[in-house]
Structures are given as C-alpha cells and as structure tokens.
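# Breakdown of the fold
Each chain, written out:
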Amino acid sequence: MAELTLTVNGNPVRSDCAPGTLLSGFLRETLHLTGTHVGCDTSQCGACTVIVDGRSIKSCTMLAHEADGASVTTIEGIANADGTLHPVQQAFRTHHALQCGFCTPGMVMASVALLARQPEPTDADVRHGLEGNMCRCTGYQNIVDAVLASAKSMKGVQA
Amino acid sequence: MNEFKFMRAATLADAAAAFEKADDARYLAGGQTLLPVMKQGLAVPSDVISLARIGELAGIAVSKERIDIGAMTRHADVAAHKEIRALLPALSVLAGGIGDPHVRNRGTIGGSLANNDPAADYPAAVLGLGATIVTDERTIAAEHYFQGLFATALEPGELITRVEFPVPRRAGYVKFPHPASRYALVGVMVSDGPHGIRVAVTGAGAGVFRVPAMEQALAKSFTPEAIADIPIADADLTSDRHGSAAYRAHLVGVLARRAVTLAASPAMHGHRS
Amino acid sequence: MNAPASFGKSQVRVEDQRFLKGQGRYIDDVNLPGQGYGAFVRSPHAHARVLSIDTSAAATMPGVLLIVTGAEWATQKFGPLPCRSPSKVNRDGTPFKDPARQCLVHDVARYVGEPVALVVAATAAAARSAADAVLVDYETLASVTDRGRAMAAGSAQLWPEAPQNLCLDFEQGKRADVESAMASAKHVIRLDLENNRLTAVPMEPRGAIADFDRATGQYTLWNSSQNIHANRDLMAAMLRIPKDKLHHLAPDIGGGFGGKNSVYAEPIVLLYAAGKLAHPVKWVADRTEAFLTDTHGRDQHSNVALALDDTGKFLALHVHSIGNVGAACGTMGPFTPTGGSARTQGGPYAIPAILYSAQAVFTNTVQTDPYRGAGRPEAVFHIERVIEFAARKLGIDPVELRRRNLIQPEQMPYTSGIGLAIDCGNFPAVMDRVIAMSDRPGYAARVTASAAKGLRRGFAVTPYLECSGGAPQEEAQLKFTSDGIVLLAVGTHSTGMGHETALAQIVGDRLGIDLHRIHFRQGDTAATKIGGGHGGSRGIELGGCAALKAADMVIDKARTIAAHALNSRADDIAFGKGKLTDSKTGQSMTIDGVIAAAGDQSRLPAGMSVGALDSTAVFDREMFTVPNGAHACEVEVDPETGVIRVVDFWAVDDFGSVINPMLADGQVMGGIVQGLGQALLEEVVYDSDSGQALTTSLLEYALPRADHVPRMKIEFYEGAPTKRNPLGAKGAGEAGCCGASPVIVNAVLDALNDYGVTHIDMPLTSEKVWRAISAGGKA
C-alpha cells in the first residue's frame, strides 16, 4: 500500500492503495464512484473513460498512482451543482443517445473532452473522435447528433 | 495484476539506479502496452518505475532541420503540435492515428519505440524518416535500433530520452488499420529527405523494414507510377485472419503509392515547395 | 390535472436521468455484505477428458474459502442444464438428441472455456490466483469445431448418443410440391451461403451474485439475465429447490441482444457455493470469459434453391441448412437453425411452395442460442441473396424482380408458403417508399463522383419480413400508493429498449396520468408472478398489451368507485382524458379523485376495500405479429484495397402502431449497425485443427465503431396496424439486423458487378473483396 493524493470531481482525496490498483478500480471500489464502467480488458471499449487533468483517458489502463497529484473528473462530477445536467448529458437525453446506459458514462466523458479539444466539430470529426468508445445499442447516430447539438448549445458558454 | 513495488523517478539517474537495484524492473511510460500485458499476467515485474516526472524526458524542440521529441511526449501532443504539423505533417498524421484519442493522451513515443510492437506506427516514422534514437547512454541510428519482433538495440535498463527526426523535403504516411485493434495491419512511411528516399513498412512483417527497390525507383522519379510494378515478396510477411501475407504485400504497394501521392501533394507540403 | 396523451409521440426517457449521472446500477455495482468472489477454472482444450483435479495447492492459498469441482458437482446429482427448444422432433418422428450438460465438467470438457471448477475467495484477485493454481490433468481428444465437418465420417464425436454429431434433423414445408416445382421450372437458381458465427458483445459482461439465508432456506440471485422468471424455474428445478425459495432479480442490464437469455452454468454454481458458505458469492466475467462462454449466434451454412418461371415469377424455394449448436444444447438448443429459421422463409414474397430442412450439429464450441433475430435474419438473408443472385443471372433488374413477386395488400390475410399467417401489411408500398427516399434520380451522378475518387458505388434495396416471438404470455401489475405514485410491474425485460418509459406512456395515456408518476419495476420474481422476459421483440407487444389490459381493469373499477361517489351507476360513467363523467348528470370526478377515494374505505362502495384499484392483468398472445419493412443502402468499394464504406442507409419499417417513435428509431438503428457488423466485420473464429478460440478479445473481434456507420434515415409505415393485439404493435427490436446484412452485401455485389463478382461470404472483409476482384478477372 502506498499513499495517493488527488482531486476527484473537485474534492480532495487522500487514500492508500496497492501499486497495482488501476484508476478504474480505485474510482469504483475505493471511492464507490461506480459510474465509471469496465467493459473489456484490452483498452478497447472506452466505458471506463474519465478526464485526468483535462484529457480523456481510459482509466482501466492507468495506474491509480499515476494520477497522484492530478485532477480527475468522472461522470459523477460533470452535472451542475444544482443537479441539472451538463449540456452534453442533456443532449444525450434529448437525442436518445443511450439505450442500456453501460457505455454512456465513457461516451459522455469522451464527448466532453472532444468538445474541449474541438468546439465546433463536424459529423466526421465526432465519429473519428469517438473511435475509442464502443456502443452496441444505439448505432452511434444519436450519439453523434447529441455531440453536435451540445457543441451548438455550449458555443459561447465555455469559450 | 501482480503485486510490485512502484516508484516515481525524478531524474534519469534515479530511474537507472532503481532499475539496477530491482530484480526485474520495468519502466512505465504511458502504460498503454505495459499495463494490458501486466493485466494478462504476461509481464510480472518486481518493480515498476514511472518515468512521468522526469523533466529530461519532456518537451518538443523544433528547428528548420530537426524535430526533437522527448521520450515521454504523448502521441496527442505530437499530433497537435503546430510546428510539427507545418514542417512534418506526415508525423502529425501518424501520431494522430495511433489507437484512439484516449490512448493518444497517455501513450508516449519512447514507450512505443522501446516496445517495438510489429504493428506500431512510430517505428515506421523512425525508420522511414531516418531518425536517431537518443538514450541515456548513446545515440542509435534507426537502422540499428530495430531488431525484429519486440526486439531493439536497447540494453537492459537503457532508457530512450528523445528521438531526433531530420526534417525531410517531403513525406507521407498511410496506414491501413486492423479492423478490431486499430494497430497497423500495414503502414507505410515514404520520405524524401537528408537521408535520401526512404520507404518504411510497419505491420506487415515481424518488425519495421525498408523497401530498397521502391526507394531506388522513387529516387529516379518520385511518383506513384514509378513503384506501381515493384513486386513485394510475401515470404517473410505476417499472415493472420485479418490479412494474409499476399494481401499485406499487396497493401504495401497500394499504401506506398498513396504515401508518395500524399508526400508530393502541395496540400501537405505547400510551405516547402 | 390531466396529462397530455404521450402515446405515439417521442418522449425522452425516464431512465436516462440515472444512467447519465453514472447512477445506473449494473451487476458489478451490486455488492452484498460479506461477499466472497468466485473465479472459474475453465477448460483450455476444445475436447479433453478430465483425468484428475488437484486442488491442494489452491486450497491453502490466502483467502480461499471454497473450491467446487466437477467431481463434487457430480456427487450432488443436480439436473443437467435444460434445453427448451420448441423444435425437437426429427423428420422421421424420432426425438432430437439432448445430451446431459452439467454446470461443471466432471468427465469430458467439450469446448474451450467450459467451466471445470469454481474457486471462492475473499477477494477477486485471490480467487483468480487460486483458480490458476488448480491443477487439472487432461487427456486431450480430437476435436471438431466446423459444422461442415461435424457429420463427416472420422470426425471427432462429442456424445456417444449422437452419432455423426447430429442433434436434430429438421424439416418443415411442402417437400413434394417443392420437388415437383423444381423439376419442371424454367429456372432453378442455386446459391450456397455462409451465415457467420457471431457473439452479442453487450458492453456489460455477464455476472451474478448469489446469497443464501440458512435460517429461512431462501436463495437470492442477482443476475445479469434478461429472462428472470423462466430461468428461475429452470434453475430451481435443477437444484431441486422449490421455486419460491429462489428469489431471482436483475439490476440494470448493460445490453443483452439474446446473449443474456439463456440459463448459464455460472449463476447456478454460485447458488450452490452460496448455499454451502451461507454468505454471498459474486462473479463478473471479464471480456475474455465473455467471448469464450457467452452463447454465440448464427453459424449456419445453407444451400438455397429458388425456382422461377419464364416471367420471373417465383415458384418454389428450398433451403437446406447445417447449423452449429455448439458442444451441447443451449437453452433453445437446435431451435435457431431449424424451426427458428423456418418461420419466415420466403420473406414477403408470394412463393407457393417452400421447404426448409436443416441439420443441427454438435461441435466443440460454446453453445449457440438466440442472438438478435434468432433465425429470422438468416431467413431474410437466404431469400434476399438468392433473389439478387437470380436477378443478375437472368438479367432482370433486382428491384423489378422483387416487385413482381411481393405479396400484394389485397392478398391479405395471406398464409405464406412455409405456413406463416400474415395478417396485414403493404409490402409494395413499403418498398416503393424506401426507393423514393433513396434518391434514385441522383444515383448516376453519385456513381460518377465515386468513380472520380477511384471508388465503385453500389446500391441495393431489400425488403424483409420477420415475426415476433418469445414467451406467449405476460403479466402487468398496477398498484396505487397514497402519495400519488403508480407502481407498474411487468414481467418483460428491458435491457436498454426503454420500457421504463414506453410502458409508462401506455399506462399514463390510458389513465390520463403523467408518466413521471408511474414508477417501473421489472426483472424481479417477487414483483410479478409470471414473466416472459426479453426476446423475440415481445416487449411492447406483450408487456405493452398486459399493461394496457391492467389499465383497463383499473378504469372499470374506477367507474364503480366514481358511480358510488356521484350517486350514479357504473354503466353511466364515461371515462376519458383522466376524467370520469356521469353521462346523465354531467357530474364528474378526476382519476386522481378516484385514486384518493380508493385509499379511503369510507368512500368505497360495498364489496370494495382499500387498494381496490390495484390490478394484475395477464395478456395472452394468440398469434405472432409480422413486422416488415424494406431497407436500402449505397456503398463505396475501393477496388485497390477491398475496403467497403456504407455511405447511405434508408429504412422504412412497418411495426404497426409506434408507441414512441424516438425509441423505435433507436431500435432500428442499433439493429442496422449490428447487421452491418455481421455483413462487414464480425466473426467468431475457432482454429479448426486445435479447436482453440481465436477471437477472445476486442482486439480480435471487430465491432462497428462510430466511423463505420453512415447516417441512417428511418421512416415508419403505419398504414397496416395489426389487429392481433389491442395496441396494434408488431415488435421492433430485431428488424434492423434482419434487413441490414443482406442489403449491404447486395449493394457491395452491385458495386462489384463489373468485375464479374457475384458472391462473397460474410463478413465481407477487405481481403475477401480484394481476392474476389482479383479472381473475377474483369475490370
């Protein structure tokens, strides 16, 4: 066990965990933030996507200790303080961009990061930008539409 | 994952000392290959030494003739770097096509080259552009660095610190992604630069390799037509469910021609015509 | 306060709120106090005799609580994993072969990944380490994974009681008529087709937590299953416990597509372990376990023969298939390649005589069982590929050939050549509409534009016809609470389809209550007595109709209560828009007023007591419905590399009445993309020599990603609602993947027509396309 200090969803966290703990396991089991899902073992599916220091990463392929000192944002941390949804969450809802919901947290976090990088993406940009996230339910189209719509709704807001 | 000792090295010397002391240490760069391999139990190191905080491994330096990229530079940073995009867009394209955005936010050039996966993209850039690998002990020319399947010239404990890419007159990279993994089923880098004309192929064989017949033909005429009829022997190429050796050999030809077209296209190199 | 009618309107989903905030609760999020963790020891061999198991090293490892081996399992004499195939009689009248498959292997392992032992430990890591330390001595046996070789002389035999590995020799249809039509027809077009083996790959892997209370003898099983009631009954019977002593429930399910329908070995072994330990045991599959042990789908080879007269009229169809059922019968056993593929043979075409015959064979692979469509996509593929092939062979425009043979609306109701009773539909109108959507006039210019990029463009249109399926009975309950909430419990199971919203829409609309006041419960044997779960696109058709029936029971009782309050007679009370009105006096009462009265004994008429409004309805399906539609697409093929890009996709679907078009759109799009996956990317592969599984991770099994998928345009045809159920709904869940695979393959072959390429087997990988072009020899 070794100590680890970081910020998760704006809250300071200090914890002990084994060196072999993956960030996904740390979030789910130590912090009980179970919105981050694990859908594969090979860094393909993207259900575990979270944002570390502003960048989207696959939390199943990062040691928790590598996040020491970092700021981590998970699906639990992006809604507004009053509980209303983040524009990307809202757009996913309006556009029926989720069915079973399992890929959704990773998909939303990937989309948030994508829009930070590319505030005015095209349809093709979004499809390419989501290549690290798999969805088996929706056929992706409504996800793409949700991201394009949130780009519009966020325009100016986060400039 | 197995239990191991974890340490964050602050300097190259720290890292080397820790490596020396351990039974079976592994350096951790971006972890995009090492961690999956450890999860599967295929690597069981006693010690994992994180390189993330070593300042000497960070940074990109660009001059007109050379681009130096620190070993811990993430693929996303290479892809997004404005000066690299202007001087050597083929490298931006290559880095921007590795894995997916999340993998590119973690994976590093040094980690990729130290691992030397036969289907990784960076080996094609290093060999195809005639780059030099700089380690904590020496410099290694690309031709001497790659030694086949997951094998490199690195000695145990030796660390890549940066990679120096000479800026070519023109270059193009085209990748045919594996349909599932998105590694290169075949990737071809073609360049025309200070080290002459180079054609380097990744994904098709046990390691990155050059195609001298294409290089000679392109030296005479840097056009896709010049290499249209050059056969690629498939005897030593990889054959698997996603591409037989014959198909990979065919793709080498197609992608090389497309890479030449890209390299010659003013859109890619208008600034250096 | 009356809610506006939401029926038939797109309505954002109630369940999204928790899913979008990371508050969904999936199986790996369920934890019980004091739980141990299970890890399975699995056969590394395709076919091997277990000589001995040595657990001594594993048993002494830290944290190990229990090891259950196949030998111990055998001593318990539990029942084998059951098969519930509706198709079970060979064509000679003898019964099919259903060899006894045990939850843990005692004698012979018959596929890679078959469970041999369970280790339970204090942590998941300790369980895994100990499972790896269990030493199993195997004697490897010759294996066969390929269905084509399974019946050959000299092939490995899986079960002594099943010679030639034959499970079921099936036949349905008019053999004599078909044979005589084939003998005299002007044309008989023959085509051999592969239907590639797939796996559902729900993004959430399977998992379960079992618990046992020694004091009461009560078992509890949390299970990522989409078939809670039926599987409870089967598991309880296997374990010889009364079914009320097994509480089976599912949390949120992260996708199923059929892959979570079957009775699996793991939860049953967990129940046994929990019983022994008297504390909970949890297991969640990793992705490799999922690839090895989730049931697979499709995996058929078919010889298709279509007889036509000189005008292109279809006279007869004969399809003979060999289907791979895996190492033993899954829960539906040989059904999918036999009866399941027979039902909709011939599609929406008037074909007088149809014969479907099939042999279902055992191989050293994991069981196959229903995967989205379960035989109907296979049947659509048979007819649509052979029509396209015939059209090119005979020089008839493929659309025209289809048009000449579609069943006409005035022929309805129509009994198809295979015996499917089709009640309604307008197949020509549906096909014409999708053609109109696809901008045929602009096509030539698009071909030219593609050619300028060095690409070949192709187009195809494919009608499809399927039928709903699954359990024929469903229950819905409505309960009214004092705080104005209506509890709706159903036995259907949403694994993402949005029943929490759609069924609430049906009830809310009927009762005039805002759907947000309707709280939904599913997947719990304590919530409803019966439940048919998920499968066969039955959610709205059965769950919806049961919910509607329960709402109507509520209204009946509400009229009596209102009559009592208004000093009127129930017969005089009319109900509409959430209001009960005395037609004589004009006096009225809201449904909420009635709900309040129902909670107050003093306001109830004689014979009614508090809670009188609570209603339980059971809906019985009399006849399957027949969803249908037509899909069209355009593709671009790069002839140099063989790479295919689907560039446009149009669909017109007749699902009868559509409750929530947004959700129906979602079902269609998801289905289309799974069909695209089958057509272009996906294939489970076993090494035919060693029997080893080669597709054990997402690094090897290619799933469609966002950039594989074109923009899909979808419309619904609502001109032919079915009268077979009160909603007029036909079922939407599986249609997408019925139409997509054949239309994409046909469009690719259209693009390659100039190269002389007439057939390529799915998945159409770039190498196969490149080889076909090279072999075609034309340019």
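Residues numbered from 1 in each chain as written. Chains lettered and ligands numbered in written order. Predicted model: local features only at pLDDT ≥ 70, side-chain atom pairs only at ≥ 80, totals over all residues. Heavy atoms only, no water.

Moving on: the overall build of chain C. In terms of helices and strands, chain C carries 20 helices and 28 strands. Its C-alpha radius of gyration of 28 Å places chain C within 12% of the 28 Å reference for a compact globule of 779 residues. Of the contacts formed within chain C by residues at least 6 apart in sequence, a portion of 80% connects residues at least 24 apart. Only carbon and sulfur atoms are counted for the fraction: they give 53% of the accessible area of chain C, which is about 25,500 Å². Between the averaged position of the 74 positive side-chain charges in chain C and that of its 84 negative side-chain charges there is a distance of 2 Å. (Helix = DSSP H or I, 4+ residues; strand = E, 2+ residues; numbered from the N terminus. Rg over C-alpha atoms; globule rule 2.2 N^0.38 Å. Contact = heavy atoms within 4.5 Å. Areas by Shrake-Rupley, 256 points an atom, 1.4 Å probe, with all protein chains shown as cover. Lys, Arg positive; Asp, Glu negative; His and termini not counted. Charge placed at Lys NZ, Arg CZ, Asp CG, Glu CD.)

Here the focus is unusual backbone geometry. The residue after Met412 of chain C, namely Pro413 of chain C, is reached through a cis peptide bond having omega -10 degrees. Residue placement: Pro413 of chain C occurs in the loop between helix 12 (398-405) and strand 16 (414-415). Omega for the bond connecting Met762 of chain C with Pro763 of chain C falls within 30 degrees of zero, at -10 degrees, which places this linkage in the cis form. For Pro763 of chain C, the location among the structural elements is in the loop between helix 19 (735-751) and helix 20 (766-776). Here the phi dihedral of His96 of chain A falls at roughly 50 degrees; this positive angle occurs in a residue that is not glycine. Considering the arrangement of structural elements, one finds His96 of chain A in the loop between helix 2 (87-94) and helix 3 (104-117).

This part takes up the sheet that holds strand 3 (residues 47-50) of chain B. All names here are of chain B. The strand order across the open sheet formed by three strands is 1-3-2, and the pairing between neighbours is parallel. Only two strands of the sheet have a single neighbouring strand rather than two, namely strand 1 (5-8) and strand 2 (25-28). Strand-to-strand twist across the sheet, computed as the mean angle between neighbouring axes with direction ignored, equals 20 degrees. Bridge analysis of strand 2 against strand 3 gives four bridges, and the strand direction is parallel. If you follow Arg26 over to strand 3, its bridge partner there is Val48. The sheet contacts of helix 1 (residues 12-21) involve strand 1, strand 2 and strand 3, and relative to strand 2 the element is tilted by about 155 degrees. (Pairing = 2+ DSSP bridges. Axes fitted to C-alpha atoms, helices over the stretch in contact; angles between N-to-C directions.)

With 30 residues of chain B in contact, the opposing surface of chain A contributes 25 residues. Taken together, both faces of the contact between chain B and chain A bury some 2,300 Å²; the carbon and sulfur share is 50%. Summed over the three residues of chain B that lose the most area to chain A, namely Lys39, His102 and Arg106 of chain B, the buried surface amounts to 27% of that side. At the junction of chain B and chain A, the tally comes to seven salt bridges. Here Asp77 of chain B makes a salt bridge to Arg55 of chain A, at a shortest N to O gap of 2.3 Å. Counting every contact that joins chain B to chain A gives 12 residue pairs in polar contact (both at pLDDT 80 or more). Elements that contribute at least two residues to the side of chain B that touches chain A include exactly strand 1, helix 2 (34-39), helix 3 (75-80) and helix 6 (101-106) of chain B. (Buried area = accessible area lost by both parts, 1.4 Å probe. Salt bridge = Lys/Arg side-chain N within 4 Å of Asp/Glu carboxyl O. Polar contact = N/O pair within 3.5 Å; in protein donor to acceptor, adjacent residues only side chain to side chain.)

All names here are of chain C. Each assigned domain of chain C is listed with its residue range as follows: domain 1 (16-23 + 470-620), domain 2 (31-141 + 201-293) and domain 3 (296-469 + 624-776). If you average the C-alpha positions of domain 2 and of domain 3, the two centres end up 35 Å apart. Of the roughly 2,500 Å² buried between domain 2 and domain 3, counting both surfaces, carbon and sulfur atoms make up 61%. Of all residues in domain 2, the largest losses of buried area upon contact with domain 3 belong to Arg101, Phe257 and Phe291, amounting jointly to 25% of the total for that side. Between the two partners, domain 2 and domain 3, sit zero salt bridges. Run the count over domain 2 and domain 3 and you get 12 residue pairs in polar contact (both at pLDDT 80 or more). Here the side of domain 2 that touches domain 3 gets five residues from one element, more than from any other, and that element is helix 9 (residues 287-293). (Domains from an automatic or database assignment.)

Residues and elements named next belong to chain C. The strand order across the open sheet built from seven strands is 3-5-1-12-9-10-11, with neighbouring strands paired in mixed fashion. Only two strands of the sheet have a single partner each, and these edge strands are strand 3 (64-69) and strand 11 (246-249). With direction set aside, neighbouring strand axes in the sheet form an average angle of 20 degrees. Judged from the two bridges that link them, strand 1 (residues 36-42) and strand 12 (residues 281-284) form a sheet pairing that is parallel. Within strand 12, the residue paired with Tyr37 across the bridge is Lys282. Contacts between helix 4 (residues 124-133) and the sheet are confined to strand 1, strand 3 and strand 5 (115-121), with strand 1 contributing the most and set at about 25 degrees to the helix. Against the sheet, helix 7 (residues 228-239) touches strand 10 (218-223) and strand 11, its axis set at about 145 degrees to strand 11.

Residues and elements named next belong to chain C. Considering the arrangement of structural elements, one finds Thr145 in the loop between strand 6 (135-140) and helix 5 (147-150). On the accessibility criterion, Thr145 (8% relative accessible area) is buried. Residues within four places of Thr145 in sequence aside, it is in contact with Asn324, Thr363, Asn364, Thr365, Tyr686, Asp687, Ser688 and Gly691. (Buried < 20%, exposed > 50% of the residue type's maximum accessible area, 1.4 Å probe, protein only.)

Throughout the structure, instances matching the rule amount to 84 salt bridges over all chains. In this structure, Arg711 of chain C and Asp145 of chain A form a salt bridge, with 2.7 Å as the shortest nitrogen-oxygen distance. With one member in each of two chains, Arg711 of chain C in the loop between helix 18 (661-681) and strand 28 (712-716) and Asp145 of chain A in helix 5 (residues 141-154) form a pair that bridges those chains. Salt-bridge contacts for Arg13 of chain C lead to Asp16 of chain C; the nearest nitrogen and oxygen are separated by 2.7 Å. Exposure class is identical for Arg13 of chain C and Asp16 of chain C. Each is buried.

Below, the discussion takes up the nonpolar core. In this structure, Phe92 of chain A together with Ile744 of chain C are the most contacted members of the largest nonpolar core, which totals 168 residues. Sort the elements by how many residues they give to this core and helix 19 of chain C lands first, with 10 residues. Contacts of Ile744 of chain C, omitting those with residues within four sequence positions, involve Cys633, Val635, Val646, Phe649, Leu676, Ala679 and Leu680 of chain C. In this structure, Leu12, Ala15, Ala95 and Ile140 of chain B belong to the second largest nonpolar core, which totals 54 residues. (Core = buried A, V, L, I, M, F, W, Y, C linked by side-chain atoms within 4.5 Å.)

This part takes up the packing of helix 11 (residues 245-264) of chain B against helix 20 of chain C. Orientation of helix 11 of chain B relative to helix 20 of chain C, taken along the N-to-C sense of each, is 85 degrees, at an axis distance of 11 Å. With respect to their mutual orientation, helix 11 of chain B and helix 20 of chain C come out roughly perpendicular. Along the contact surface, helix 11 of chain B presents Ala246, Tyr247 and His250 of chain B, while helix 20 of chain C presents Ser766, Glu767, Trp770 and Arg771 of chain C. (Parallel < 35°, antiparallel > 145°, perpendicular 65-115°, else oblique.)

Residue and element names in this part refer to chain A. One can read the domain layout of chain A as domain 1 (2-77) and domain 2 (87-154). Each of domain 1 and domain 2 has a C-alpha centre, and the two are 21 Å apart. Every contact between the two is made by 16 residues of domain 1 and, on the other side, 14 residues of domain 2. For the pairing of domain 1 and domain 2, the buried interface totals around 1,100 Å² over both sides, and the portion due to carbon and sulfur atoms is 66%. Linking domain 1 to domain 2 there are zero salt bridges. At the boundary of domain 1 and domain 2, one finds five residue pairs in polar contact (both at pLDDT 80 or more). Contributions of two or more residues to the side of domain 1 that touches domain 2 are made by strand 3 (49-52) and strand 4 (55-58). When residues of the side of domain 1 that touches domain 2 are assigned to their parent elements, the largest contribution, three residues, is made by strand 3. Residues of the side of domain 1 that touches domain 2, tallied by class, amount to six nonpolar, nine polar and one charged. (Nonpolar A, V, L, I, M, F, W, Y, C, P; charged D, E, K, R; others polar.)

The next subject is the interface of chain C and chain A. Facing 50 residues of chain C, the contacting portion of chain A comprises 46 residues. Both sides of the chain C and chain A interface together cover about 4,100 Å² of buried area, and 54% of this is carbon and sulfur. The interface formed by chain C and chain A includes five salt bridges. The closest approach of N and O atoms between Arg28 of chain A and Asp28 of chain C, which form a salt bridge, is 3.4 Å. Linking chain C with chain A are 29 residue pairs in polar contact (both at pLDDT 80 or more). For the side of chain C that touches chain A, the elements supplying multiple residues, two or more each, are helix 1 (16-20), helix 9 and helix 18 of chain C.

Every buried residue belonging to helix 2 of chain A is among Val88, Gln89, Ala91, Phe92 and Arg93 of chain A, and all of these are buried. On its buried side, helix 2 of chain A packs onto helix 3 and helix 5 of chain A together with helix 1 of chain C. Looking one or two places after helix 2 of chain A, you find His96 of chain A, whose phi comes out positive at around 50 degrees.

Residues and elements named next belong to chain C. Examined against the element boundaries, Met235 turns out to sit in helix 7. When the C-alpha atoms of Met235 and Ile268 are compared, they prove to be 6.7 Å apart, with 33 residues separating the residues in sequence. Discounting chain neighbours no more than four positions away, the residues touching Met235 are Leu221, Leu246, His248, Val263, Pro267 and Ile268.

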